[in-house]
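What follows is the residue order along each chain.
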Protein chains: 2
Amino acid sequence: MRSYGQYCGLARSLEVVGDRWNLLIVRQLLMAPARYRDLADGLPGIATNLLADRLRDLETAGVVERRLAGTGSVVEYALTPWGAELREPINGLIRWSTPLMIRGPEGDIFRLEWLVLALPALLDKRVTSRPTEAIGLAIDETTLRLRATRYGFEVGPRDERALAGTVRAEPMCILGLAAGALDFDDAAALGLIEIEGDEASVRAMFGS
Amino acid sequence: MRSYGQYCGLARSLEVVGDRWNLLIVRQLLMAPARYRDLADGLPGIATNLLADRLRDLETAGVVERRLAGTGSVVEYALTPWGAELREPINGLIRWSTPLMIRGPEGDIFRLEWLVLALPALLDKRVTSRPTEAIGLAIDETTLRLRATRYGFEVGPRDERALAGTVRAEPMCILGLAAGALDFDDAAALGLIEIEGDEASVRAMFGS
DNA sequence: CCGCATCCTCATGGATACTG
DNA sequence: CAGTATCCATGAGGATGCGG
């Protein structure tokens, strides 16, 4: 990217991460370190030369580091500590995108991992701030486990631990509830969500 | 910009503001509504056709609105309420840029208004949280007035009101102090900053 | 296969001139 | 002043090649 030539924090940031695909690469690495192939798979549409270019740029800038994974000579990419601090501005953009997301997928492809990344960003700004029971989010074939602790939100795959209640809904409804853009009772009245188990626990997470 | 085709908040945000220059246009409008010429002046290097294109895109997306300023038929651009909410992610990127900024201007042009925009973003994350006396920031020929209130930071031009103390420094030192990346005593020992008036008031703003 | 590098085409950005 | 038109340079995207 050509330099903006401005001594301004925003301009300097954008010279590092403003190029097309760059922040999406960081998004992928925020979820977990990944191999070249994982990144190419998680970024449908990126050209292989671009991915290689961008990884080099990000490594040079100090955002990403290339390292040897596990035992063998397998290359793996991970965020540096500074790179991982991009979670804050990324969370801000995720929150800002709420009006764009509640329109629904509109043909765009959907990956559950992106929702897992978005949920804490959306929920963190709603001042529940007290621990909740673990609830389940049933989306298509999968159920996620979601829980608020005193330190933040945990989102992950369902495990053997019990869930107080479960809500089944489309991704866009989950996002709407988490962002506070969709009212819990409205969603229930419209049949957009389907509750199993203890409704109060689910409402404690999303209710207004 | 070509669509990413991903139902992900970050990707959708970037389809709106990810194009080159877009966030810098928003930065300019965060400071005040502006006319076409003001924007062209505040964005050195932008081609006029690009500025026109981007303003159209941002208007279509609902980030910017075009309106008639004052009494006459003068067109003016301003952020919509949703567009103004980009301040959060922009502040995040400004904070993230600290390691890039403390290297100094390195030939990039500097505008005082960019520093005025950055200061609250940097100071907000430092948990002083209590009101301070108003102090002066002397940078080149200009002195800014800076004060913490219970609700946030006020930065603006100096007026007739008294200043408890004044600190003179290069922009990069001001940024380093505000970001917590430069220690007050170190800066003083190195002669990077020059205090007039009440040092305690200045230290209350930047001291660790 | 995985991890890129090369090649080619076409869309986009940049600089400048020009117009209502 | 507020943009458009034009032309050229650069970068994205897609296909493919190639060594380990």
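The model shown is predicted, which means the values in this text are computed figures rather than measured ones.

Let us now look at the side chain of Thr132 of chain B. Looking at where Thr132 of chain B falls in the secondary structure, it is placed in the loop between α8 (112-123) and β3 (135-139). For Thr132 of chain B, the contacting residues outside a window of four places in its chain are Arg147, Ala148, Ala204 and Met205 of chain B.

Between helix α2 (residues 22-31) of chain A and helix α1 (residues 9-17) of chain B, the least distance of the axes is 10 Å, while the angle of their chain directions is 170°. Taken together, the axes of α2 of chain A and α1 of chain B are roughly antiparallel relative to one another. Packed against α2 of chain A, whose contacting residues are Leu23, Leu24 and Arg27 of chain A, the element α1 of chain B presents Leu10, Ala11 and Leu14 of chain B at the interface. Broken down by class, the residue content of the contact of α2 of chain A with α1 of chain B amounts to five nonpolar, no polar and one charged.

Take the relation of the copies chain B and chain A next. Turning chain B through 180° and shifting it by 0.0 Å along the axis lays it on chain A, with an RMSD of 0.0 Å. With respect to symmetry, the two chain copies, as superposed, fit the operation of a two-fold axis. Judged by C-alpha distance, Pro89 of chain B is the residue of chain B that lies nearest the rotation axis, at 2.3 Å. Most of the interface of chain B is mirrored in chain A, where 100% of its interface residues again form contacts.

Near DNA strand C there are 19 residues, and of these Tyr77 of chain A together with Arg20, Asn49, Leu50 and Arg54 of chain B occur at the shortest range. Within 4 Å of the protein, the atoms of DNA strand C are drawn from sugar and phosphate moieties in a proportion of 70%. Between DNA strand C and the protein, one listed contact pairs a phosphate oxygen with a side-chain N or O atom of Arg35 of chain A at 3.2 Å. A distance of 3.1 Å separates a phosphate oxygen of DNA strand C from a polar atom in the side chain of Trp21 of chain B. For the surface near DNA strand C, the elements supplying multiple residues, two or more each, are α3 (36-42) and α4 (48-61) of chain A together with α4 (48-61) of chain B.

In this section: the sheet that holds strand β7 (residues 193-197) of chain A. Two orientations exist for strands paired in a sheet by backbone hydrogen bonds: parallel and antiparallel. All names here are of chain A. With respect to topology, five strands assemble into an open sheet ordered β5-β4-β3-β6-β7, the strand pairing being mixed. Since the sheet does not close on itself, it has two edges, and those belong to β5 (153-157) and β7, each with one partner. Going from strand to strand, the sheet's axes swing by 25° on average, the running direction of each strand aside. Summarising the sheet, strand β3 (residues 135-139) and strand β4 (residues 142-148) pair through five bridges and their orientation is antiparallel. Following the sheet pairing, Ala138 is matched in β4 by Thr143.

Each value, and the rule that gives it
Residues numbered from 1 in each chain as written. Chains lettered and ligands numbered in written order. Predicted model: local features only at pLDDT ≥ 70, side-chain atom pairs only at ≥ 80, totals over all residues. Heavy atoms only, no water. Helix = DSSP H or I, 4+ residues; strand = E, 2+ residues; numbered from the N terminus. Contact = heavy atoms within 4.5 Å. Axes fitted to C-alpha atoms, helices over the stretch in contact; angles between N-to-C directions. Parallel < 35°, antiparallel > 145°, perpendicular 65-115°, else oblique. Nonpolar A, V, L, I, M, F, W, Y, C, P; charged D, E, K, R; others polar. Least-squares fit on C-alpha atoms with pLDDT ≥ 70 in both. Near = heavy atom within 4 Å. Polar contact = N/O pair within 3.5 Å; in protein donor to acceptor, adjacent residues only side chain to side chain. Pairing = 2+ DSSP bridges.

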